[in-house]
Amino acid sequence: MSSAEAPNLVAGEDRPAADGRWLEKTRPADGAVLCRFARSGAADADAAVTAARAAQPDWAARTPVERGDMVRAIAELLRERREEASELVVAETGKPLALARGETAAAIEMGFFMAGEGRRSYGRTTTASMPHRTVLTVRRPVGLAALLISFNTPLPNVAWKAFPSILCGNAAVLKPSEHTPLSGWWLARLCLEAGLPPGVLNVVQGLGPEAGTPLVEDPRVDLVSFTGSAGTGRVIAGATARRLAKTCLELGGKNALVVCDDADLARAVEWTLASAFSNAGQRCASASRIVVFDAVYDAFVGRLLDAVDSLDPPGPVIAEESMERILAAVARAREGGATVLRGGERVGERGWHVAPTLVEGVSLDAPLSCEELFGPVATLYRVADLAEAVALVNDSPYGLTAAIHTPSVHRALRFAEQVAAGVVVVNAGTHGSEPHMGFGGVKQSGTGWKEAGVEALDVYSETQYVNLVVDPGLA
Ligand code: NAD
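Residues numbered from 1 in each chain as written. Predicted model: local features only at pLDDT ≥ 70, side-chain atom pairs only at ≥ 80, totals over all residues. Heavy atoms only, no water.

Engineer: Just checking my understanding: could you explain the nonpolar core for this structure?
Structural biologist: The nonpolar side chains of soluble globular proteins are, as a tendency, buried together. Ile74, Leu78, Met110, Met114, Leu147, Leu196 and Leu201 are the most contacted members of the largest nonpolar core, which totals 59 residues. Apart from residues lying up to four places away in sequence, methionine 110 is in contact with Ala159, Trp160, Phe163, Pro435 and Ala452. Among the nonpolar cores identified, the runner-up in size contains 44 residues, and Ala263, Ala276, Val383 and Ala389 belong to it. (Core = buried A, V, L, I, M, F, W, Y, C linked by side-chain atoms within 4.5 Å. Buried < 20%, exposed > 50% of the residue type's maximum accessible area, 1.4 Å probe, protein only. Contact = heavy atoms within 4.5 Å.)

Engineer: What should I look at first to understand the packing of helix H3 (residues 82–93) against helix H6 (residues 181–194) in this one?
Structural biologist: The description of two helices packed together rests on the angle between their axes and the distance between the axes. Across the interface, H3 lies against H6 with an axial gap of 8 Å and an inter-helix angle of 160°. It follows that H3 is roughly antiparallel to H6 by the angle criterion. Counted together, Glu84, Ala85, Leu88, Val89 and Glu92 of H3 and Pro181, Leu182, Ser183 and Trp186 of H6 form the full contact between these two elements. Broken down by class, the residue content of the contact of H3 with H6 amounts to 6 nonpolar, 1 polar and 2 charged. (Axes fitted to C-alpha atoms, helices over the stretch in contact; angles between N-to-C directions. Helix = DSSP H or I, 4+ residues; strand = E, 2+ residues; numbered from the N terminus. Parallel < 35°, antiparallel > 145°, perpendicular 65-115°, else oblique. Nonpolar A, V, L, I, M, F, W, Y, C, P; charged D, E, K, R; others polar.)

Engineer: Teacher, can you tell me more about the packing of helix H13 (residues 386–394) against helix H14 (residues 409–418) here?
Structural biologist: Running from N to C, H13 and H14 point in directions that differ by 35°, and their axes come no closer than 10 Å. Note on packing geometry: the crossing formed by H13 with H14 is right-handed. The segment H13 lies against H14, with Leu386, Val390, Val393 and Asn394 engaging Arg411, Arg414, Phe415 and Gln418. (Left-handed = near helix turned anticlockwise from the far one by under 90°.)

Engineer: What should I look at first to understand the environment of glycine 206 in this one?
Structural biologist: Here glycine 206 lies in the loop between strand S10 (201–203) and helix H7 (208–217). Considered as a pair, glycine 206 and alanine 17 are 189 residues apart in the sequence and their alpha carbons are 9.1 Å apart. Among residues more than four places away in sequence, those in contact with glycine 206 are Phe37, Ala38, Ser40, Lys175, Pro176, Glu178 and Ala211.

Engineer: Help me understand the pairing of strand S16 (residues 357–360) in this model?
Structural biologist: Walk down a regular strand and you will see the side chains alternate between the two sheet faces. In the sheet, strand S15 (residues 339–342) pairs with S16 via 3 bridges, with the strands oriented antiparallel. Along S16, the bridge assignment pairs threonine 339 with glutamate 360. For S16 and strand S17 (residues 377–383), the ladder comprises 4 bridges, and the chain directions are parallel. Counted as the bridge partner of leucine 358 is alanine 378 from S17. (Pairing = 2+ DSSP bridges.)

Engineer: Could you clarify how one ought to interpret the side chain of threonine 137 in this entry?
Structural biologist: By the secondary structure assignment, threonine 137 is in strand S7 (residues 133–141). Reaching out from threonine 137, the side chain makes a polar contact with the backbone nitrogen of arginine 124 at a distance of 2.7 Å. (Polar contact = N/O pair within 3.5 Å; in protein donor to acceptor, adjacent residues only side chain to side chain.)

Engineer: Explain the sheet that holds strand S14 (residues 287–293) here, please?
Structural biologist: Strand pairing within a sheet occurs via backbone hydrogen bonds; the two strands may be parallel or antiparallel. In space, the 7 strands of this open sheet follow the order S15-S16-S17-S14-S13-S19-S20, with mixed pairing throughout. Edge positions in the sheet fall to S15 and strand S20 (423–426), since each has one partner strand and no second. Ignoring strand direction, the axes of neighbouring strands in this sheet form an average angle of 25°. Contacts from H13 reach strand S13 (255–259), S14, S17 and strand S19 (401–405) within the one sheet, and its direction differs from that of S14 by about 165°.

Engineer: Explain the sheet that holds strand S1 (residues 5–6) here, please?
Structural biologist: If you walk across this open sheet you meet the 3 strands as S1-S5-S4, and the pairing is mixed. Only two strands of the sheet have a single partner each, and these edge strands are S1 and strand S4 (22–26). Strand direction decides the pairing type here: S1 and strand S5 (residues 33–38), joined by 2 bridges, are parallel. Bridge pairing in S5 places glutamate 5 opposite arginine 36.

Engineer: Quick question: what am I supposed to make of the site of the ligand here?
Structural biologist: Inspection of the region around the ligand gives 26 residues, with Lys175, Glu178, Ser229, Thr232 and Glu372 positioned closest. Taking glycine 208, its main chain carries an N or O atom lying 3.4 Å from an oxygen atom of the ligand. With the chains in place, 88% of the 850 Å² that the ligand exposes on its own is no longer accessible. Those elements that place two or more of their residues in the shell around the ligand are H7, strand S11 (223–227) and helix H8 (230–242). Counting residues domain by domain, the shell around the ligand receives three or more from each of domain 1 (5–251 + 446–464) and domain 2 (255–426). (Near = heavy atom within 4 Å. Areas by Shrake-Rupley, 256 points an atom, 1.4 Å probe, with all protein chains shown as cover. Domains from an automatic or database assignment.)

Engineer: Looking at this structure, how should I read the pattern of salt bridges?
Structural biologist: Working definition: two side chains of opposite charge can pair if their charged atoms are close together. Across all of its chains, the model carries 25 salt bridges by this definition. Across the salt bridge formed by glutamate 83 and arginine 101, the nearest N and O atoms sit 2.9 Å from each other. Highlighted residues: glutamate 83 in helix H3 and arginine 101 in helix H4 (residues 97–117), separated in sequence by 18 residues. Of the residues examined, glutamate 83 reaches a relative accessible area of 32% and is grouped as partly exposed. Taking relative accessible area as the criterion, arginine 101 reaches 40% and is therefore assigned partly exposed. A salt bridge links glutamate 451 to lysine 161; the shortest N-O distance between them is 3.0 Å. Here glutamate 451 is found in the loop between strand S21 (442–443) and helix H15 (455–460), whereas its partner lysine 161 is found in helix H5 (residues 154–167), with 290 residues between them in sequence. Judged by relative accessible area, glutamate 451 falls into the buried class, the value being 2%. Connected through shared salt-bridge partners, Arg27, Asp30 and Arg350 make up one network. (Salt bridge = Lys/Arg side-chain N within 4 Å of Asp/Glu carboxyl O.)

Everything listed here is a matter of geometry and, on its own, says nothing about what the molecule does.
Okay, structure coming up:
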């Protein structure tokens, strides 16, 4: 296999799709073809699940400490090869190298964090009403996990699922996004190189409905862990509900950043830019709604527009159809009477670059206010006070993250009390998680599981209650 191919990885071997079909992956930066990747179907998913099933018992038989040591070895090898990893991500996504390097570092850190959990796989002991009975809890593997991920931060997306899955003694089949087939396959091969037994982490490439659906529907798959859009999440939840499989869905957001009348405006501008436009707005935690108190609205927006005018290009969005969808949504808002203050157009003629876009005058029930665009587009809203800001923030089907800019601890904590969001940030951006911090949202942003942190162990393991009853007469 040449490096211009991203095949499947089954039982430690690179494999083309069973029927020999391939798809082309283009470079978002310039639209040129980057590589081809396996266009997998049901037969490929079946082979990968079979390989994972075969590998899982031996892997589960290792101690959590040994499995943690393996995760550490993978993280160490990734650290050695971090430049190669980052460059692959740049080619696949078009994001700036500095951003890709930061993501690679985040994936490495997730490995080190999870490795340590091998020695901290704590349970509980408790008493019981029956004499001489003690109950203890032990984490057991779930079994076989299907890991389906988005393209937006491809290496951390793999790390957040594969590392806790490996640590907890599962075998897995990873379905990378069709937009980032190379980095997922590359990282799974790196795991093998670090010593992970073949079959513990397999890769099936391809399109969601063709390669993902058979994984989600396979009765041998005990856990489906998915990161992607709410629309796909609904389809997956339907399939797993029919067979009652454990399902972790990490979905989208329509996150708000609130600027109060006492905010440090320079700081609020800086974090608005980072939250709305870094990674070309392709973060589940991006800020797409900027909610500003009336008293500082004009001053804040004036500064924000100046800052956007001198912003470095945020990089392309992932695909031509994403660019078209984003530009069409902004055009529709304009036709509906909204004012596009900046952007709303393509930049250049090569690649899929969308100018950082700021829109105002969008009604609260318009699609631009309600639907996640996953691009560098933010809408501005004017509110009278904190109560109005909270009402606006909560007027969303999503509840992933929310930020507020204020020096007042009273306002900040009242905001945290009242907003429906899994993560609340005071005086910074709507994004920015770390390996030890559980992450996940409420409402349509997810199904309540948290990923990362020790909370991830609850997704990838089952808690078993072991009852010990001793007979003092036999002592
Ligand atoms: P997507 O839903 O289009 O695709 C995600 C994955 O699901 C891909 O691998 C895709 O091939 C697969 N898929 C698509 N249809 C499928 C089907 N019918 N059955 C099985 N698999 C299927 O999402 P995307 O465009 O890749 O990612 C963007 C979305 O992901 C946004 O909504 C974003 O907010 C969300 N996201 C959430 C988090 C989080 O932690 N909450 C993190 C990153 C991204």
